[in-house]
Amino acid sequence: MRWVRFAIFVCVVTLVQASVLDVIAVTALRIGPDLLLILLVFFAVYFNTTEAVIAAFTVGFAADLVVGVMGPRTISFGMFGTALAYLNRVIAVRQKPYQSLAIFAVGILAGLVGHILSLLKSQPVASNILARIFWTSLYSAAIGPFLFLPCAWWMRIKTHRFNR
Amino acid sequence: MAGKQIKVSRRMLFTWCMLGGFILLLSPGSLTSKLPLAFARVFGFPLRVGRSISLSVNSQQPGPGGADGMEVQYQNYIANLEAELEQERRKVEKLSGLRSRRPLEGANLVFADVIKASVSGFQSELIINRGRRDGLARGQFVLGDNSIIGTVATVDTSTASVRLITDPASRIEVTIADTSRIMQGAGGNSAKVEMLSTEHKIKLGQRVYAKKKPGLLDVAMIAGKVSQCKVDGAQPLLWDVTVEPACNMETLSSVAVIIMNSQKGSKR
């Protein structure tokens, strides 16, 4: 892992997620893709397990900074990013449909766990939170695999390489 | 010793990271809420650039009711004048002609730029470039396009977060149909007025005013308009009233914080 590139990349994606992503939000719920979720799956799929664990918690921390409530996403992203990295050692997630499925599943699970942890922190939540989690995960799953290529280019890795 | 590499097992790494996450989760909100503010302060410039790009793209979208930005401002201004007039009329009736000073006359309006806006996400909040050193404090009301858009939630030295009226954690007292009720944010771009009996006549588009609060707001000011009103399915004697903000909060680039009883007296 090129850690300087990783740090710059996470910072840039966090800033994009926090500021410009509303541009491509759709429907009355203003649903947009979760770039940090896509990034989480990218690191879990293309890097070795130790690097994926560190990346998952870092991306989760960045997601907390974007939302403004510290803790829930650090834990949920870290947990499911690590789980996906371990799963990737058994079943390599290389084809786009499987990558989409992985983004969708991690999005739903991390969203639900993050929601429950937010409740633990006595954070009131929107009434349509489940619909929001579902559609955000679906939107991210739809565009995620296509963003893996520029991610791989920036991180200087070969996407056809198996690295467990 | 210098070249010694510390080896940590994956399990230990995961455990330490989880522990860090739980420390963040269980730490008091007053401590952890400073982290997003610090992030907004450090990356203020790129966040502002990103927001201006977002605003320029969204500028084509019409405001509530299809009105553009200036028209919304004028409509809200007129609504506030009407509320002010009504309040003054009542005072005149009560005090037999004795006049007091104008509402918001002693208030200091601190204008602030929006650094970061999370209007459509899980939380509805703005981060602004004014803080404690500008006189901001928790609970102060915030104006956008002449309407109440929220209250100051957390304050740092030079930044603050504004909890919008649509945030699920927001609960403000409002006046609707000549009665006072609590309005709670419902996420997205709406809020709900609670415990409103079906005896009250509610119309679509009816104005909802943030109630005056001594020390924080001298006069009722428009906060939103009724966008949906139906009988509550669970409690048939109550209305289920949905309120949409009086301005398009996604396109706000600057806001004003109302500081009542300011020592400065001058407007920034």
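Given the structure is predicted, the values throughout are model-derived calculations rather than measurements. (Residues numbered from 1 in each chain as written. Chains lettered and ligands numbered in written order. Predicted model: local features only at pLDDT ≥ 70, side-chain atom pairs only at ≥ 80, totals over all residues.)

Outline the overall build of chain B, listing residues and values.
What chain B contains, in helices and strands, is 5 helices and 12 strands. Per-residue burial for chain B yields a buried fraction of 44% across its 268 residues. Counting contacts in chain B only where the partners sit at least 6 residues apart, residues at least 24 apart contribute 61% of the total. (Helix = DSSP H or I, 4+ residues; strand = E, 2+ residues; numbered from the N terminus. Buried ≥ 20, exposed ≤ 12 C-beta atoms within 10 Å, placed from the backbone. Contact = placed C-beta atoms within 7 Å.)

Describe the overall build of chain A, naming the residues involved and giving the relevant values.
When its secondary structure is counted, chain A shows 6 helices and 0 strands. Compactness check: chain A gives a C-alpha radius of gyration of 15 Å against a globular reference of 15 Å for 164 residues, within 12% of the reference. C-alpha extents for chain A along the principal axes are approximately 45 × 30 × 30 Å. For chain A, the proportion of contacts with a sequence separation of at least 24, taken over those separated by at least 6, is 68%. (Rg over C-alpha atoms; globule rule 2.2 N^0.38 Å.)

Explain helix 3 (residues 49-67) of chain A to me, using residue names and the numbers behind them.
All names here are of chain A. The terminal C-alpha atoms of helix 3, which comprises 19 residues, lie 27 Å apart, in line with the 27 Å expected from a rise of 1.5 Å per residue. Of all 19 residues that make up helix 3, 16 are buried, and the element is covered over most of its length. Directly after helix 3, the chain includes G68, whose backbone phi takes a positive value near 100°. (Expected span 1.5 Å × (residues − 1).)

Explain the sheet that holds strand 1 (residues 108-118) of chain B to me, using residue names and the numbers behind them.
All names here are of chain B. With respect to topology, 6 strands assemble into a closed barrel ordered 1-2-5-4-3-12, the strand pairing being antiparallel. The average angle at which neighbouring strand axes cross in this sheet is 45°, direction not considered. When strand 2 (residues 125-128) meets strand 5 (residues 160-164), the two strands line up antiparallel, connected through 4 bridges. What sits directly across from I127, in strand 5, is S161. (Pairing = 2+ DSSP bridges. Axes fitted to C-alpha atoms, helices over the stretch in contact; angles between N-to-C directions.)

Go over the interface of chain B and chain A, please, and point to the residues and values.
Each partner contributes to the interface: chain B provides 36 residues, whereas chain A provides 35 residues. Its residues assigned to classes, the side of chain B that touches chain A comprises 19 nonpolar, 12 polar and 5 charged. (Nonpolar A, V, L, I, M, F, W, Y, C, P; charged D, E, K, R; others polar.)

Before we move on, can you summarise the domain arrangement of chain B with the specific residues and values?
Residue and element names in this part refer to chain B. Taken domain by domain, chain B holds domain 1 (64-166 + 249-259) and domain 2 (171-245). Counting residues at the interface gives 24 residues for domain 1, matched by 24 residues for domain 2. Taken together, the elements giving at least two residues each to the side of domain 1 that touches domain 2 come down to helix 5 (69-95) and strand 4 (147-155). The element that contributes the greatest number of residues to the side of domain 1 that touches domain 2 is helix 5, accounting for 6 residues. A per-class count over the side of domain 1 that touches domain 2 returns 13 nonpolar, 10 polar and 1 charged. (Domains from an automatic or database assignment.)

Help me get a handle on the sheet that holds strand 10 (residues 221-231) of chain B, residues and values and all.
Residues and elements named next belong to chain B. The strand order around the closed barrel built from 6 strands is 6-7-8-11-10-9, with neighbouring strands paired in antiparallel fashion. Shown here is a sheet whose adjacent strand axes are inclined to one another by a mean of 40°, direction ignored. Both strand 9 (residues 207-210) and strand 10 contribute to a ladder of 4 bridges, which runs antiparallel. In the sheet register, V208 faces strand 10, and the bridge partner there is G224.

With reference to specific residues and values, describe the pairing of strand 10 of chain B.
Residues and elements named next belong to chain B. As paired strands, strand 10 and strand 11 (residues 238-245) are joined by 7 bridges and run antiparallel to one another. In the strand pairing of strand 11, Q228 is matched with T242. Where strand 10 folds back onto strand 11 in an antiparallel hairpin, the turn is made up of 6 residues.

How would you summarise the packing of helix 2 (residues 35-46) of chain A against helix 5 (residues 96-120) of chain A if you had to cite specific residues and measurements?
All names here are of chain A. Where helix 2 meets helix 5, the closest approach of the two axes is 10 Å, and the angle between their N-to-C directions is 120°. One element, helix 2, and the other, helix 5, form an angle in the oblique class. In this structure, helix 2 meets helix 5 at a crossing whose hand is right-handed. Facing helix 2, whose interface residues are L37, I38, L40, V41 and V45, helix 5 presents Q99, A102, I103, V106 and G107. (Parallel < 35°, antiparallel > 145°, perpendicular 65-115°, else oblique. Left-handed = near helix turned anticlockwise from the far one by under 90°.)

Go over the nonpolar core, please, and point to the residues and values.
Counting 109 residues, the largest nonpolar core has L40(A), V41(A) and V255(B) as its most contacted members. Element by element, the count of residues in this core is highest for helix 3 of chain A, at 13 residues. Viewed by domain, this core spans two of them, domain 1 (64-166 + 249-259) and domain 2 (171-245) of chain B, each represented by three or more residues. Residue contacts for V41(A): discarding those within four places in its chain leaves L84(A), Q99(A), A102(A), I103(A), V106(A) and G144(A). (Core = buried A, V, L, I, M, F, W, Y, C linked by C-beta atoms within 7 Å.)

Account for helix 5 of chain A, naming residues and giving values.
Compared with the 36 Å implied by 1.5 Å per residue over 25 residues, the 36 Å span of helix 5 of chain A between its first and last C-alpha is a close match. Against helix 2, helix 4 (72-90) and helix 6 (129-154) of chain A together with helix 1 (10-26) of chain B lie the buried residues of helix 5 of chain A. Positive phi shows up at S122(A), right after helix 5 of chain A, with a value of about 60°.

Residues and numbers for the pairing of strand 3 (residues 141-144) of chain B, please.
Residue and element names in this part refer to chain B. Burial along strand 3 is two-sided: F141 and L143 and V142 and G144, pointing in opposite directions, are all buried. Here strand 3 hands over to strand 4 after 2 residues, with D145 in that stretch at a positive phi of 50°. Where strand 3 lies against strand 12 (residues 254-259), 2 bridges are found, and the strand directions are antiparallel. Following the sheet pairing, L143 is matched in strand 12 by A256.

Break down the confidence of the model for chain B for me, with residues and values.
Residue and element names in this part refer to chain B. Scored by pLDDT, chain B comes out at a mean of 80, with 84% of its residues at no less than 70. The lowest-confidence element of chain B is helix 5, averaging 76 in pLDDT; the highest-confidence one is helix 1, averaging 91. Contacts from residues 263-268, a stretch scored under 50 in pLDDT, to residues over four places away or in other chains number 6 contacts. With a pTM of 0.71, the predicted complex shows an ipTM of 0.86. (pLDDT = per-residue confidence, 0-100.)

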